[in-house]
Each structure stands twice: as C-alpha cells, then as structure tokens.
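Chain and residue survey
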Amino acid sequence: MSALPTYASTGQKIWYYGFRVICGLVFFFLIAPIITIIPLSFNAENFFTFTPGMLALDPEAYSLKHYQDFFTNSDWQQALKNSVTIAPMATIISVGLGTLAAIGLSQSHVPFRRAIMAILISPMIVPLIISAAGMYFFYSRVGLQGTYLGVVLAHAALGIPFVIITVTATLVGFDHSLTRAAANMGAGPVRTFFKVQMPLILPGVISGGLFAFITSFDEVVVVLFVGSASQKTLPWQMFIGLREQISPTILAVATILVVFSIALLTAVELLRRRSERIRGVSPR
Amino acid sequence: MTLKNVLLASSAIALIAAPLAAQDMADSMTIVSWGGAYQNSQLKAYVEPYQEANPDVSVTWDESSNEAVAKLRAMDEAGNVTWDLVDVVASDAIRLCDEGLAMEYDPDELLAPAEDGTPASEDFGDMLVSDCFIPQIVYSTTVGYRTDMVPEGTDPPTDICALFDLDTYPGQRALEKRPINNMEWALYCDGVAKDDIYDVLETEEGQDRAFAKLDTIKDDTVWWSAGADTPQLLADGEVFMGSTYNGRLFSVIEEQDQPVAMLWDMQVFDLDGWIIPANLPEDRLARVKDFVKKETTTQALADQAKYISYGPARSSSAPLVGKHDELGIEMAQHMPTDPANAKNTLLYNYEWWADYRDDLDAKFQAWLTR
Amino acid sequence: MSDIAESDDRISAEGSRDLKRSLNRALRAQKMRALMLIAPLLIFILVTFIAPIVDMLFRSVENEIVSDTLPRTVLALDDWEYTSGETPSEAVFAALYYDLFVAAELKEHTRLGSRLNYETTGISSLFRKSGRRVDRFDTDIYADQFTALDPAWGEPATWTMMSEALDDDPDALPETASALEGWHHLLKVERDDPATEAPADILFTALYRDLSAGAPGLNDGDLAAMTATARQAVDGFETVSIRDQFVDVDDSWLDPEIWGTIKAYAPKYTIGYFLKSVDYQLTPEGIEKQPEDQQIYIRLFVRTLVMSLTIMVSCIVLGYPVAFLLANLPMRYSNVLMILVLLPFWTSLLVRTSAWKVLLQNQGVINDILVWLHIVSESGRLALINNQTGTIIAMTHILLPFMILPLYSVMQTIPPTYMRAAKSLGATDWTAFWRVYFPQSVPGIGAGSILVFILAIGYYITPELVGGTSGIFISNRIAYHISSSLNWGLAAALGSILLVAVLMLYWAYDRIVGIDNVKLG
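Residues numbered from 1 in each chain as written. Chains lettered and ligands numbered in written order. Predicted model: local features only at pLDDT ≥ 70, side-chain atom pairs only at ≥ 80, totals over all residues.

1. Some thoughts on the overall build of chain A
- In terms of helices and strands, chain A carries twelve helices and zero strands.
- Starting at the N terminus and ending at the C terminus, chain A contains elements arranged as α-α-α-α-α-α-α-α-α-α-α-α.
- Taken over the C-alpha trace, chain A has a radius of gyration of 24 Å; the compact-globule value for 284 residues is 19 Å, which it surpasses by more than 25%.
- Reported as C-alpha extents along the three principal axes, the dimensions of chain A are approximately 75 × 70 × 30 Å.
- Counting all 284 residues of chain A, 48% fall into the buried class. (Helix = DSSP H or I, 4+ residues; strand = E, 2+ residues; numbered from the N terminus. Rg over C-alpha atoms; globule rule 2.2 N^0.38 Å. Buried ≥ 20, exposed ≤ 12 C-beta atoms within 10 Å, placed from the backbone.)

Take a look at the structure:
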C-alpha cells in the first residue's frame, strides 16, 4: 500500500487512516501480553498482580528478586541447562533428516508423494495431547520414557514438519538446471549438494531449524509425559510453577526469553536479507 | 595355612566388607513430591539433614505427585520404575497399594519407635490407612476469604455455609473442580447431618440434592484445579472466598501478608505421606529404607511443621512442634489438628470415594459443562 | 531388400525398446534416489511418532483385562443370561472363587475392579473387599476333610503328580485341572517352587466339586486309588456354599447387574469406550443412551468444533488486514512489523496464557482501564475469563500468527498492477479490492483457516488455564482421563474420534490447497 496520493478524496483518507488504526490495534493485541509481563516480572510481591505501589511507580514496589531467583535457584538452572541441550539436539535431528527428505520430495518422480507427505507432516496436525499420550505409553514400553534420548526423539519428531515445510518451499523455486550444470562440469553429487544446492536452500533450512528449535524450546505437553524429573525443561518448570507456586520468576524467565527471541528474529531477518542478495531478488 | 594367615585373611575380608556394606546402598534417590512450599518444607526438614549426614547422596526431585498413579502405572507396565520415594495423598496410596504398585511394609520394622519407645504402629495409629502408606502429615481442605470484601456492617463468616450464602456474602467463590469435598459441603449446608452425608450421597436423590445446592452458587464460582489457584485468586481480589489447603492459606495470610482470613469450620481432613514403589532393586531399596527410617522420626516430622502449617502424623510429634523457621510464630495454633481448630471437622471417606469417584465425577463434569 | 527393411524395422523397434528401457531405468533410479533421501526420515517418523499413535489408538478397543483376570468366570458365564434376572449358579461362583483367589494373590483384582467400576459403580470396592477375604473363605473345611482322609492330600508332591496326570486328560477332573492351572500360574509369577508350596484351598474345593458332581476321575496310578477312596467319602463331607461365602462378604454378588457387567465386558475387544465417547453405554441389556445427567462428550465435541470455528473466523478478521498491510508496505517497514507478529509466536505459550489471565480477569488490567474510562461501572466489570470469551481471546492471540503468515505469503504473490488496472478501468477502490484482489487471496485464507482450525481443535493447555468450565475442549477431558481418572481406554477412544476429525480436515486441506502451499515466515 503506497502512500496516499494528493488527490485522494475524504472517504479515501478516512479509510486510509482508519485502516492503519485497525492494523495498529491488531498489532497491539498481538504484543499486549508481552508488554504486560515485562513490568510484572519486576514485581516485589509473589503474585501476578499489579499492586497499587507498582501503578504509583513506587520504586519499593519493584525488585529484581525474581531474576535473582532464576539465576540462583538450582531447579531453574537445571531446567535451563536441559532446555539448551535438548532443543539443539532435537533441532539437529529434525534439520538433518528433514532437509534430506525435503530434497528427496522435491524431485519430479516420487512415488506415493501424498501419503509420504501426510506422514511427515502428521506431528504437526495430530492433536498434541494424543501425541503426548501415545509417546508416553509407547516410550514407556521400550524404555525411552524418562530419558534424554526419549525427549530428544519426541521433540525432533515434532519439529520435522516445520523443516519439511520451509525447505520444500525454498526448493519450489530452485532451478534444477543448476545441479545439472554442476554435474556437467564434473562435480560429484556430494560436492554439488554442498556447493550449489545448500547455499541456495540454506535460508529455508535455517528458518525451519529455528522453528524446530522453538518447538522444542517451548514444548510442555510432550515433555511432561515423555520426560521425567532429570529432563525437566524450562516450560516444564514454568508449568509446575504455575500449578504449584505462582511466582513471578516465571515472568522473569519469560522476559529473558523475549529478549532472546528478539535476538533470534533479528538474526533471521538478517539472514533473509542476505539470501535475497545471493539469489539476486532485490527487495521491493 | 597358618593361624596367622587365617587371621590376616579374615581381617582383610572384614576391611573390605565394611565399605561394601555401605556401597550396597545406592547413592542417588529420585523423590517425587508436589513442588512449591510443601516440597521446600520436605527439603529443609528431611533431605538437607539427611544429605548432611550422607554427603555423597544426591537427590533428584520430580514434581509429579499429581500424576503419580498414572505415571507409576505406566512405568510398571514398562518394567522400569525410576522413582525411589513418592509423596502421595492417602487415597492415591490406597490405589497404588491395591494395584500392587507400592511396597507393603511392616511399620515396626521400617519406622523408628517414638522416643519413649512406643512402637511406630501405635505412634502413627489410625493414620496407617493402607499397608503401603507411610504417613507424614495431616492437612485439611478449608475455606479462606478476603477480609476487606466482607460487606460493611456484616460479621465476617464463621461457618462453612457462608459459601452458599450469596445474600449475606456476595462475591465470587473458588471451589475445586472435582466432586470431592464440594458435594459433602453442599449436603451439610442443605441440612444433612454430618454423619449421614455419605449415606445420603449414595442415593440418586441425595446426589441431585447436592447438585441443586451447588447450582445456587454455580454462576458465581471459579473452579480451580491447581493448589496455587485459590491463593492467587484471593490475592487478586478475584474471589471473595475459596477452598484450598490450609497450608496455602497460612502462607497467604502469614507469609504474604494479604488481607485474607480463614475458617476452620467443616475442614476436611486428609493425609499425605510416602510410598515406596514395589520391586525396587536392592541397593535403591536399602537407601530408601535408610532415608525413611531416619526422616520419619518424631523429631523429623515435628521439624517439617517449622516450614509449613501441616500437622505431623505421629502423635508423639505434636508436643515438639515449635516456631516457624522465618516468621518465628508458634506453629501449634496453625495446625489443622489443634483442638481449637478441630471443633467441627469431616474426615474424607476413602473407601466410599473409591467406589463413587468414577460415577460422581462423570456426573459432576457433565453438570459443570451444562 | 525385404530382409534389410525387416532388420531395419527390428533395429528401430529394438532401439525404441532400449530407449524405453533405459528411460525406465533412469526413472527408476531417480525414484530410488528420491526414496533413499526420504527413507531415513520416514522411518524415523514411523518409529518415533506413528507407532506410538497407533499403539495408543489400539487401547480404545483393547479389553483383555477381564478375560485375563477372570478366565474361568468368563467361561462359566457363557451359560448364564442376564435377561433371566437370576443370580448365576454355584458353578459360576466356584469359577469366580478360583479366579479371584489367584488374582488377589497377584494383586490384579483391584485393577480389574477399577476397570469395571467405570461401567457400574461399586464394583471397585466389591472386588477389593472380596479379594481381601477370598483366602479366608470357609472352604478350608475341604482341605481339612481331605487331609483327614489321607494326609497325602496335604503334600505338594501329590498335587504336582495330579497336575501331570491331568495334563494328559483334563476332563477326568475338569474343575481341579482348571484350578491347578491357576495355582501353577500363581506360583510361576511369584517364583515359588510347586514342590514345596502347601496346596491352596481352591484345589480342595475344586476336587470336592468334581468328585461330588461325578467327574470321571483318573484311571491309573496311585492318584487313581486316592481319588477313588475320596469319591466314596465325599458324600459324607461337610459342605460349604461358595455363593454364600461371597454373599457374606457383600450381598451385591446377588445382583445380576454385577454379573451382567462382567459378561458384557468379557470379550477381548470392546466397543464400550467408543460408545462412552458418544454418550452411549454398553450395559448388560445392550447399547443404551447415557442418562441425561452423564451426557457430556457430544456436547464437548460440538463445543470444540464451534469454538475452533469461532477462533478461526476471528483470526481471519484480525489477520487479513494485517497481512494486507504487511504485503503492501515496503519491505523495510513490513519486516519490522513482521517482528511484532513473530514475537508472540515465539514467546512461551504458558507465559502468554498467564499474561492473558492478568489482563482479562475481573480485577485485571482491561477491566481496570474500562472502569477508569467509565465505560463500565465498578459493579459491572466484564466476565472475560474462565469462560468461552477467555478461551477465544487467548487462543485467537496464540493462533493469529498461523493465519497471518500463510496469508502474507499468498498476498505477496498478487501483483499490485491488477488492482491498478481495475481502477483505471473505472472500478471503485472497494470493487477493485472485492472483485480483483480478494479472490486471489482466497487460497491464503484457506491455508490459514485450516491450519488454525486443526491446531485449535487439539488445544488443551490454554483452555485449561483460562477456559473455566464453559471454555474447555475435548482435549481437556482426554488429558483428564489420562492423568487423573486413569481411564486410558476412554481417553484413547475420544482421541481416536478427534484424530479422525483432524485427518479428514487435513485431507480436505490437501485437496483444496495442497500442503506444499503452506509457507511459514
């Protein structure tokens, strides 16, 4: 939507600004909860409540104690450690297997493509509670319940649809004559893959990887079932916290994660710009 | 072989055997509990002292007591039980014992006698509601209310039926999202004598009567499912009164200093304690038994009351209950079992609910969604 | 000449066949290569995800517990009809006695009790009580009388021999053979040695019943003589009614309802859980509608669908303008705004839900602002949480990015020149949008809608935290049955129905939009 032309009528002007106000409200709706939690995480009391002191901007009503709690409490630290080990491992599995499969799926003659696609996408469409319960019973039986491996495998499975979707999307625009050209010039399939295909689909792979990472990092239902105490992740600790002892430490963690998300998003945006430069698509 | 050699050899065996005996106990334990302040009281009263005496023992906490029965059953199906000691409410202990998932034990063998020599089975007495259950505390479900929301000119509520009295005490209620306790209170406030409650509740008419009574406040009720809900709702002023565990109310009133007061009338007594999962490997079992023996003594149970206002399950512990660890207030008067608080109480009927739970729960949930 | 022409024909035919073959080979190789690339992931998903789901769904019909725990009773009940309105015969009670004795020793009876209690209230305690008493039945008088007759009856070795003899000819003493089988199963599980364990009362009871009923008995060996002697004596034995023993524990055993339930759930597979899921039940009389006060699941399924639709529609209404704006702004602005869309997407679901609690509650931020602005009065604060409104607001927020992202990627591909062309031909802004732009954005709406709908239908954490009682979904009941009531079969049946609904939607989605056309970010 380009800028309003000078000859616009009053109605057009009202619509133009009205539309922007509506969009502004929706954007506000989107980030309102995030705006709410940030001040609450500095609450001096142990409840999720804006105290009169906080509203009066009384410095006494604010404190860093929930941040302190997060950094000193061994449960939270353990949860953080588990989250940052489990999520990358799950991501590596999803991205590794997912990228290969996406390349396979993008070839022109794949038998049973629909059925295969449906199976690969299924972790995203099966209601989470059903996946969680199924994995719980099945992993219990094969001895994976309550192990790191079990949680990693479960999370990897949940992240795969995102990798498949994003990587297939980048491959749709991929010009296969490039690989043929590389092969003509004597490059082996492995070399072709890393030198020609990979740089071009890399943004898709990375964005799929980030989705997979966040899926694992923010996942609570499956880990509650498949994991046990020694694999408790940040969302698990938050869930327990909400249930057993409402403490704004959860909000402090969330604030830290929001900052972390902004950093990640900025990274994605920078990568995306870079990929567009490589592909020679100029930004509008 | 000379005599000297024999002596040497046997002393060598003795030397090797001594540390072996200690090594027979596993050096890590997974303890399952509820999280929050309650778990913290166990950490302070039991686990930390135990670790001080046994520095090489590591403890992992699992806050899964809520799903203990489901998880233990699944672990058992898989033949891989990873828990060593599980904190559960008495009704769950009975269920686990029934299903053979918890270990049966002999109280006088596993548990230490009282300091005056009274055997454990007598000291715990009626609290031993199941052959697998190692009682820890008596807690109660009771009602708290916002003191600043009592209408002007009205006396603060003193009996449980204030819950159903929307005219005198307008405002939202918070009740647990399950039939247990709510049905009993509803019938009691509908005029059923305390001793007849379960007989009446057994009949279709009795159940309808309880639902009809609950109907009168249904539109003004928030239904909670997590123990932390009611304290938060009270602190926010979201509800005027709500049911929760007495320890939660103690924490809101005394520790968090909120304008909240509590009723002891018709508090429902319940028990909470340990069970040891059945068929633990020898070394883990030895460690757990050692822990349980040392940390369920008269003194240990009394120590827990320093951190949370739940009554110790041993009768010999009651006189030893002292002051709160941080606040320095006498804890005895905050115990649900204190004679002043226990004038009108109800004991949760385990047997009855084991039968009627499925049926009433289906009706209760259907009633809620209507 | 003709030879040459013929051979030419042959050559070209061969050539084309060769070409076809090599083309086929190339195609096959290509297919193989593609499959090889896909195979690792496919296997991974099949093992770590599909297998657990299938395994879980299987529980919805599986019902082996009844026939595994009470095999003899189930068999004996074959001859009994619920419609007769009578209590089963002594033989059925005897079969129950053998089964329950073994089950109680193995602590399997209470699990069965809880299973059957889902169907008929009271069975749980009936089994628990009876299990506690079953090894103290008065049937010990048979043991006493047999051993008084011949002390050898009290020897474990006698019964080991008996079991060997009956293995060849179980019809000689049918009930004894059956009771012995249960007894040995028990010893095996408990890892006890049959050669040393004192024989249980059930063995004597079964033997007595066989002999007094005139079973053929054994033909040769020492045992034949012993049983022959015993057969002479049993007529003079003091007897005990097993039925009375059970009734003594609890007179519910006289209620045909109990027996009807056992019989109705005796088969290894049951449709009982699926019937429950649609508010029907399997009773001894057949399939019946649940009483009104227990009907809940149809209501919940309908509610889940209606609320998911509502959430989907609100996502379209809120997401469309935003996606339109993002797609038509210059990239450097739209990317900054895109962060506002993605940020909540990547913030913990739990945290966002708790934030909504703080915002929406009665004394919460939104109500406070409305009161402060005098839009509502202090007493007229809006009920925005613990009801359907709460669930819809919070879930719309959570799922909105799933609507905006596909919409945005579709809208980006719509050339702006089309709208300009329409306008230059005299269309008003509205007509140009409605007749030219909107139809091209419909695939985006389709993609976003079905994604939002499929995700919404399976949600459970958010409704649990903000939905109160009127805003919960079917998934909440599934979670409840998995972790609280332990009725895993019912949870699996509800889950299967939900899954079928979702798969049908997915199929429709793939048909209409194609799964390849979904783009995220």
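What follows picks up the thread again.
2. A short note on the packing of helix α9 (residues 174-190) of chain C against helix α10 (residues 201-212) of chain C
Residue and element names in this part refer to chain C.
- In the contact formed by α9 and α10, the axes pass within 7 Å of each other and the chain directions differ by 165°. When the interaxial angle is binned, α9 and α10 end up roughly antiparallel. Helix-helix and strand crossings are classified by hand; for α9 and α10 the assignment is right-handed. Between α9 and α10, the residues in contact are Pro 174, Glu 175, Thr 176, Ser 178, Ala 179, Leu 180 and Trp 183 and Ile 202, Leu 203, Ala 206, Leu 207, Arg 209 and Asp 210, respectively. (Axes fitted to C-alpha atoms, helices over the stretch in contact; angles between N-to-C directions. Parallel < 35°, antiparallel > 145°, perpendicular 65-115°, else oblique. Left-handed = near helix turned anticlockwise from the far one by under 90°. Contact = placed C-beta atoms within 7 Å.)

3. Things to note about the pairing of strand β7 (residues 241-245) of chain B
All names here are of chain B.
- By the criterion of burial, β7 is predominantly enclosed, with five of the five residues buried.
- By the bridge criterion, five bridges tie strand β4 (residues 134-146) to β7 in an arrangement that is antiparallel. Within β7, the residue paired with Gly 144 across the bridge is Gly 242.
- Examined bridge by bridge, strand β5 (residues 173-176) and β7 share two bridges and lie parallel to one another. Following the sheet pairing, Ala 174 is matched in β7 by Gly 242. (Pairing = 2+ DSSP bridges.)

4. Some points on the confidence of the model for chain B
Residue and element names in this part refer to chain B.
- Put simply, chain B has an average pLDDT of 88, and 94% of its residues get 70 or more.
- With pLDDT under 50 throughout, residues 10-22 is counted as low confidence; its partners more than four residues away or in other chains account for zero contacts.
- Of the two predicted TM-score estimates for the complex, the pTM is 0.88 and the ipTM is 0.85. (pLDDT = per-residue confidence, 0-100.)

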